Amino acid sequence: MKSSSSQYPVNSVSKLFNAQLHFVRFLTYILILGFGVTIGVIFSFYLKDCTFSLQFTQLSVSALPRKASMQPPPPPPAITETQTSNHSHVGLKEFLKPPPIMHDMDDKELMWRASMSAKIPEYPFDRVPKVAFMFLTRGPLFFAPLWEQFFKGHEGYYSIYVHSNPSFNASQPEKNSVFHGRRIPGKEVQWGNVNMVEAERRLLANALLDVSNQRFVLLSESCIPIFNFTTVYSYLMNSTQNYVMAYDENSPVGRGRYSIRMLPHVSLRQWRKGSQWFEMDRELALEVVSDRKYFPIFQQYCRGSCYADEHYLPTYVSINFWEGNSNRSLTFVDWSRGGPHPATFMRSEVTVEFLEKLRSKRCQYNGNSTNVCFLFARKFLPNTLSRLLNLAPEVMHF
């Protein structure tokens, strides 16, 4: 009796454990079944949605015109050998051809385009270097007939660019004139204003668009040549220097125009003055139109009585490129009479002796002494034209 009663708790515990084990297994089966049903429902909805999208896409495609859906786009027309031979290839010369003289570029675009240069100095094609004659004028070119006589017979060795005020509305020169169609897009220019330097840079930039231009001369409507074209061309092409007049003048019209606000880029010690009528090679011209450091300083601080045209280039060149500069101009100007403007030459002053005197000044050229210092001269009144035309063959030899 005692033995059977002692076994009773053990059997009770065993039965209780087996019942719990069956319950856990049942619960596990229920969870697995529920999970499977859930996955099946989700998957069925997904298939139903995909079937609907596929049916909708098929319906949309079937709704399109059958002709459009069945026919592929036509192939491009075949290029025959005959068609290819009829089209000329764009070679390097054609690619480098400058744009028309009257273009739509603004100053920012023009300076960017003109600042491009090849890093390989040798040209891969035959190139005749040219001189760019850049005329900065307010109105008409009074001495155009004299310049026509100067340029005659030397086509292909020069380029001409004219910057006039937009308000100047004179008719175009005749078609047979060297000045026909040579006026560039210009802007308003006032005497002594920084926009005069802007016009000079605009002329340089337009001239740089022609890769054949090697030397660049700035002239005015009152300038004349005092040597023939052959002498001028040879002088410029054989020169090893640039011609930007630059000197230090300790006076109210020299250092007195300096602004301390130009520091630290331009100091009083670096400040220079000189004639605006320059001549330079292509390398320096590229640097001038690419200058984004010094010119904005002059635009901001050299205004009014500062006269940027007398200080920007002399200062800029002296700071950065003084080794290759002659510090003199090739254009004769007479300041001996005093005043804010140079002397103006009248008809009565234009004589053989006067012109010969201009042609026989002494100076340095490529390190040697020479009596050919000035190639041009100013300021001549319009009424001197007829006398200059008469004297040119005898004195200037053109």
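- Per an unreviewed UniProt entry, the protein chain carries the name Glycosyltransferase BC10 and comes from Arachis duranensis.
- What the UniProt record of the protein chain gives under Subcellular location (unreviewed entry) is the line "Membrane".

### Section: the nonpolar core
Next, step 1: Counting residues in hydrophobic clusters, the biggest one holds 50 residues, and the most contacted among them are Phe-133, Trp-147, Phe-151, Phe-179 and Phe-380.
Next, step 2: Here this core gets six residues from one element, more than from any other, and that element is helix 13 (residues 385-396).
Next, step 3: Residue contacts for Phe-151: discarding those within four places in its chain leaves Phe-133, Tyr-158, Ile-160, Val-178, Phe-179 and Phe-229.
Next, step 4: Counting 47 residues, the second largest nonpolar core, distinct from the first, contains Ala-132, Leu-218, Val-289 and Tyr-316.

### Comments concerning the pattern of salt bridges
Next, step 1: For the coordinates displayed, the defined rule picks out 11 salt bridges.
Next, step 2: When the shortest N-O distance is used, the salt bridge between Asp-107 and Lys-187 registers 3.5 Å. One end of the pair, Asp-107, is in helix 5 (residues 107-114); the other, Lys-187, is in the loop between strand 2 (158-163) and helix 7 (195-208), with 80 residues separating them in the sequence.
Next, step 3: Among the ionic pairs, Asp-334 bridges to Arg-337, the shortest N-O distance being 3.9 Å.
Next, step 4: Take Asp-334: its relative accessible area is 15%, and that puts it in the buried class.
Next, step 5: Where salt bridges share partners, they join Asp-107, Lys-187 and Arg-202 into one cluster.

### Overview of helix 13
Next, step 1: Between its first and last C-alpha, helix 13 extends only 14 Å over 12 residues, short of the 16 Å set by a 1.5 Å rise per residue.
Next, step 2: Listed as buried for helix 13 are Leu-385, Leu-388, Leu-391, Ala-392, Val-395 and Met-396. Down the axis of helix 13, the sector holding all buried residues measures 135°, keeping them to one side. Looking at helix 13, the residues exposed on the side facing more than 90 degrees away from the buried face are Asn-390 and Glu-394.
Next, step 3: His-397 sits one or two positions beyond helix 13 and adopts a positive phi of about 65°.

### Some remarks on the packing of helix 9 (residues 282-290) against helix 11 (residues 312-320)
Next, step 1: The geometry of helix 9 relative to helix 11 is characterised by a closest axis approach of 12 Å and an angle of 110° between their N-to-C directions. Regarding the angle of helix 9 to helix 11, the classification is roughly perpendicular. Considering how the two elements wind past one another, helix 9 and helix 11 form a crossing that is right-handed. Residues Leu-284, Glu-287 and Val-288 of helix 9 lie in contact with helix 11, whose contacting residues are Tyr-312, Leu-313, Tyr-316 and Val-317.
Next, step 2: Taken together, the residues of the contact of helix 9 with helix 11 break down into six nonpolar, no polar and one charged.

### So, the state of the cysteines
Next, step 1: Considering all chains together, one arrives at two disulfides under this definition.
Next, step 2: The disulfide that involves Cys-302 links it to Cys-306, with 1.8 Å between the sulfurs. Judged by the torsion about the S-S bond (-90°), the Cys-302/Cys-306 disulfide is left-handed.
Next, step 3: Classification of Cys-306 as buried rests on a relative accessible area of 4%.
Next, step 4: Along the protein chain, the cysteines engaged in disulfide bonds are linked according to the scheme 1-2, 3-4 when indexed in sequence order.

### Section: the sheet that holds strand 1 (residues 130-136)
Next, step 1: Strand order in the open sheet made by the four strands is 2-1-3-5, with mixed pairing throughout. Single-partner strands in this sheet number two, and they are strand 2 and strand 5 (279-281). Averaged over all pairs of adjacent strands, the angle between their axes in this sheet comes to 20°, without regard to strand direction.
Next, step 2: Against the sheet, helix 7 contacts strand 1, strand 2, strand 3 (213-220) and strand 5, and its axis sits at roughly 150° relative to strand 1.
Next, step 3: Of the strands in this sheet, strand 3 and strand 5 are in contact with helix 9, which crosses strand 5 at around 100°.

### Remarks on a nonpolar patch on the surface
Next, step 1: A contiguous nonpolar patch, built from Leu-27, Ile-30 and Leu-31 and spanning about 280 Å² of accessible area, is present on the exposed surface.
Next, step 2: Mapped onto the fold, Ile-30 is located in helix 1 (residues 2-63).
Next, step 3: Judged by relative accessible area, which is 41%, Ile-30 ranks as partly exposed.

### Points about the confidence of the model for the protein chain
Next, step 1: Here the protein chain averages 86 in pLDDT, and 81% of its residues register 70 or above.
Next, step 2: A low-confidence stretch, residues 1-10 (pLDDT under 50), is modelled with zero contacts involving residues beyond four sequence positions or located in other chains.
Next, step 3: pLDDT under 50 marks residues 50-70. Its contacts with residues more than four places away, or in other chains, come to zero contacts.

Cut-offs applied
Residues numbered from 1 in each chain as written. Predicted model: local features only at pLDDT ≥ 70, side-chain atom pairs only at ≥ 80, totals over all residues. Heavy atoms only, no water. UniProt positions renumbered as here; feature names shortened; annotations may be inferred. Core = buried A, V, L, I, M, F, W, Y, C linked by side-chain atoms within 4.5 Å. Buried < 20%, exposed > 50% of the residue type's maximum accessible area, 1.4 Å probe, protein only. Helix = DSSP H or I, 4+ residues; strand = E, 2+ residues; numbered from the N terminus. Contact = heavy atoms within 4.5 Å. Salt bridge = Lys/Arg side-chain N within 4 Å of Asp/Glu carboxyl O. Expected span 1.5 Å × (residues − 1). Arc of directions from axis to C-beta. Axes fitted to C-alpha atoms, helices over the stretch in contact; angles between N-to-C directions. Parallel < 35°, antiparallel > 145°, perpendicular 65-115°, else oblique. Left-handed = near helix turned anticlockwise from the far one by under 90°. Nonpolar A, V, L, I, M, F, W, Y, C, P; charged D, E, K, R; others polar. Disulfide = S-S within 2.5 Å. Pairing = 2+ DSSP bridges. Patch = residues over 30% accessible without salt bridge, like charges linked within 9 Å, V, L, I, M, F, W, Y side chains within 5 Å. Areas by Shrake-Rupley, 256 points an atom, 1.4 Å probe, with all protein chains shown as cover. pLDDT = per-residue confidence, 0-100.

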